[in-house]
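Summary of structural features
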Amino acid sequence: MGTHSLKPLSVRVREALGSFSLSDVGWLAVFNLLLFQAPIQSATGFSYIDEGATLIAVVRYASSCVRRCSGGQRTERYARSGFVFLGGVVAIGLISNLFSGVGVSVSPVMVDVFTCIKFFLALTAFTVVFQDKKSLFKAVEFECKVAMIVLFLFGVLNLFVQVGDFGTDPRYGFRASFRFVFGHPESLVFVCVGIVLILFRNREGNTKWIIMTLVVICLSLRSKGIAFAAIALLLLLTWGHRGRLSFVHVSAALLAALAIGWDQYQYYYQSTGFARNELTRVAVQIANRFFPLGSGFATYGSYVTSNPSYYSPLYYEYGLSTVQGLEPGNAAFLSDTFWPIILGQFGWLGFVLFLLAIGFLAAWVYERASFGNQRLAVVLCFAFLLISSTAESAFFHPNAIFLSFCLALLLMKETADFK
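Definitions and cut-offs
Residues numbered from 1 in each chain as written. Predicted model: local features only at pLDDT ≥ 70, side-chain atom pairs only at ≥ 80, totals over all residues. Heavy atoms only, no water. Helix = DSSP H or I, 4+ residues; strand = E, 2+ residues; numbered from the N terminus. Buried < 20%, exposed > 50% of the residue type's maximum accessible area, 1.4 Å probe, protein only. Contact = heavy atoms within 4.5 Å. Salt bridge = Lys/Arg side-chain N within 4 Å of Asp/Glu carboxyl O. Expected span 1.5 Å × (residues − 1). pLDDT = per-residue confidence, 0-100. Phe/Tyr/Trp six-rings, centres within 6.5 Å; stacked < 30°, edge-to-face > 60°. Core = buried A, V, L, I, M, F, W, Y, C linked by side-chain atoms within 4.5 Å. Patch = residues over 30% accessible without salt bridge, like charges linked within 9 Å, V, L, I, M, F, W, Y side chains within 5 Å. Areas by Shrake-Rupley, 256 points an atom, 1.4 Å probe, with all protein chains shown as cover. Disulfide = S-S within 2.5 Å. Axes fitted to C-alpha atoms, helices over the stretch in contact; angles between N-to-C directions. Parallel < 35°, antiparallel > 145°, perpendicular 65-115°, else oblique. Nonpolar A, V, L, I, M, F, W, Y, C, P; charged D, E, K, R; others polar. Polar contact = N/O pair within 3.5 Å; in protein donor to acceptor, adjacent residues only side chain to side chain.

Here we come to the overall build of the chain. From N to C terminus, the chain includes 17 helices and zero strands. When each of the 419 residues of the chain is scored for burial, the buried share is 52%. Of the contacts formed within the chain by residues at least 6 apart in sequence, a portion of 74% connects residues at least 24 apart.

See below:
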């Protein structure tokens, strides 16, 4: 009998798991809660998973703040600048609540404030906390591959036959859009983008898995997902291991996104009566009316205002209450835009400050990336959020916290035995 078989089971399990700690188990649970938050919310009505994950990350970050400055002076300057501009946006929103005259209670304002800052908080905290989470990354990467086998098989099958309730509306001549258990194809796209980010850390070894994931994204039949897949494939073919973002990359990505999404832009933004077009049109009017600070938190476009108790009086004043999907008690389409929220609630000045905040946050995580595949993942994450901002709440979306988890995890430090 070999010595291995004489070892206690606990010892063998510990050796198999390597350095997988209790903390890693907890973070893996958080990953799965974020991954499946849409079906969990649908089944239970509980909708605070992303907020809870953000708060856990912030607390963990605060407890290990001695590691905060490990990114170097320049990268920390980017982070500080980003939060200064974000703080300016929050201040503008609160000042506008006091002086715009748009009546709103304190509760929805506080919800909106946290919604505005949670992606910034989550990405910053996760990035610092996950600096040395090698075992956690390996477990998440393995789970992503298993999930992709399931998604790919059911996604292809969904093209031909109905399996459960995994498909929804037909598009582009195909039988049905693929959504699996995520309730809506857009939620599936978010999940797959997060998986792509994880897989891109070892782009060379995970190429087939990345291609499978991009195929599943396309099976959602959502134009923003297809545009992201095209950009990811383009960069996959042209981005070197030590590569950095170039003007050619940006230009090619913009052309690809415009070519794929132009018909959707014309359909939703150039036709009267659609929620996206009406919200954008009125946002400009509100920004001009309350120049330069906007109407304030929880007054225009944000998800909290879809609640009948917090329905904004501005919707009645500007006729949005009669637009399909924006009516009182049936305002599901309020989440179909992002930039009108920023422009309406924070005005032209807040709009500029928010752009700067996003830019500096992206620069911070990009400069923390130590090799080309990490930089590529950063570019892909922010590219997707910018693309999705034309059709949903993007940086305010609950699934944006899942993306921040995945992006931060793949940004962990490069070591001699793990790249």
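Look at the link from Phe-291 to Pro-292: it is a cis peptide, with omega at -5°. Structurally, Pro-292 is set in the loop between α13 (275–289) and α14 (313–317). Phi is positive for Tyr-172, which is not a glycine, with a value near 50°. Note on placement: Tyr-172 falls in the loop between α8 (134–158) and α9 (185–199).

Further remarks concern the pattern of salt bridges. A side chain with one charge may pair with a side chain of the opposite charge, provided their charged atoms come close. This model, assessed by the stated rule, comprises twelve salt bridges. Asp-24 is the salt-bridge partner of Lys-133, the closest N and O atoms lying 3.2 Å from each other. Of the two residues, Lys-133 sits in the loop between α7 (106–129) and α8 while Asp-24 sits in helix α3 (residues 22–35), which places them 109 residues apart along the sequence. Of the two residues, Lys-133 and Asp-24, neither departs from the other in class, the shared state being buried.

What follows concerns α9. Here α9 spans 21 Å end to end across 15 residues, near enough to the 21 Å set by a 1.5 Å rise per residue. The element α9 is extensively covered by neighbouring structure, given that 15 of its 15 residues are classed as buried.

Here we take up the confidence of the model for the chain. Put simply, the chain has an average pLDDT of 85, and 84% of its residues get 70 or more. Within the chain, no element has a lower average pLDDT than helix α1 (residues 3–6), which sits at 46, and none a higher one than helix α17 (residues 399–410), at 96. This stretch, residues 1–5, has a pLDDT under 50; its non-local contacts, to residues over four places away or in other chains, come to three contacts. Counting interchain partners and residues more than four positions distant, the pLDDT-below-50 stretch residues 67–72 has twelve contacts.

Here the focus is the environment of Ser-47. Positionally, Ser-47 belongs in the loop between α4 (37–44) and α5 (49–63). Between the alpha carbons of Ser-47 and Pro-398 there is a distance of 8.8 Å; along the sequence they are 351 residues apart.

Time to look at the packing of aromatic side chains. A full pass over the atoms with the stated rule returns 35 aromatic pairs. Arranged with centres 4.7 Å apart and planes meeting at 55°, the rings of Phe-166 and Phe-180 form a pair that is tilted. Of the two residues, Phe-166 sits in the loop between α8 and α9 while Phe-180 sits in the loop between α8 and α9, which places them 14 residues apart along the sequence. Phe-180 matches Phe-166 in its accessibility class, with the two residues each being buried. With a centroid separation of 5.2 Å and 70° between ring planes, the pair formed by Tyr-311 and Tyr-316 is classed as edge-to-face. Grouped by ring-pair contacts, the aromatic residues Phe-119, Phe-120, Phe-338, Trp-339, Trp-348, Phe-351, Phe-354, Phe-382, Phe-395 and Phe-396 constitute a single cluster.

Time to look at the nonpolar core. Grouped together as the largest cluster of nonpolar side chains are 107 residues, with contacts concentrated most on Leu-151, Phe-354, Leu-380, Phe-382 and Leu-407. Residue contributions to this core peak at 13 residues, all from helix α15 (residues 339–368). Those residues in contact with Leu-407 that sit more than four places away from it in its chain are Leu-123, Leu-197, Ala-377, Val-378, Cys-381 and Phe-382. Residues Ala-287, Leu-320, Val-323 and Leu-326 belong to the second largest nonpolar core, which totals 19 residues.

What follows concerns a nonpolar patch on the surface. Among the surface-exposed residues, Ile-211, Val-215, Leu-233 and Leu-237 lie close enough to one another that they form a single nonpolar patch of about 330 Å² accessible area. Of all the elements in the fold, those that place two or more residues in the nonpolar patch are α10 (207–219) and α11 (223–238). By relative accessible area, Leu-237 is classed as exposed at 68%.

In this section: the state of the cysteines. Evaluation of the coordinates by the stated rule reveals zero disulfides. For the unlinked cysteine Cys-192, the closest cysteine sulfur is that of Cys-144, found at 9.8 Å. Look at Cys-192 and you get buried, because its relative accessible area is 0%. We note that Cys-381 lacks a disulfide partner, and the nearest cysteine sulfur, in Cys-406, lies 8.7 Å from it. Since its relative accessible area comes to 0%, Cys-381 is described here as buried.

Our next topic: the environment of Asn-288. Within the element layout of this structure, Asn-288 appears in helix α13. Residue class for Asn-288 comes out partly exposed when judged on its relative accessible area of 47%. A C-alpha to C-alpha distance of 9.6 Å links Asn-288 and Leu-343, two positions 55 residues apart in sequence.

Further remarks concern the packing of α9 against α17. For the pair α9 and α17, interaxial distance at closest approach is 8 Å and the crossing angle is 5°. For the element pair α9 / α17, the angle class is roughly parallel. Residues Ser-187, Phe-190, Val-191, Val-193, Gly-194, Leu-197 and Ile-198 of α9 form the contact with α17, whose own contacting residues are Asn-399, Ala-400, Phe-402, Leu-403, Cys-406, Leu-407, Leu-409 and Leu-410. Here the contact of α9 with α17 is built from residues that sort into twelve nonpolar, three polar and no charged.

Looking now at the side chain of Ser-100. The topology assignment puts Ser-100 in the loop between α6 (73–99) and α7. Under the relative-accessibility criterion, Ser-100 is labelled buried at 16%. A distance of 3.0 Å separates a polar atom in the side chain of Ser-100 from the backbone oxygen of Ser-295. Once residues lying within four places of it in the same chain are set aside, the contact partners of Ser-100 are Phe-290, Gly-294 and Ser-295.

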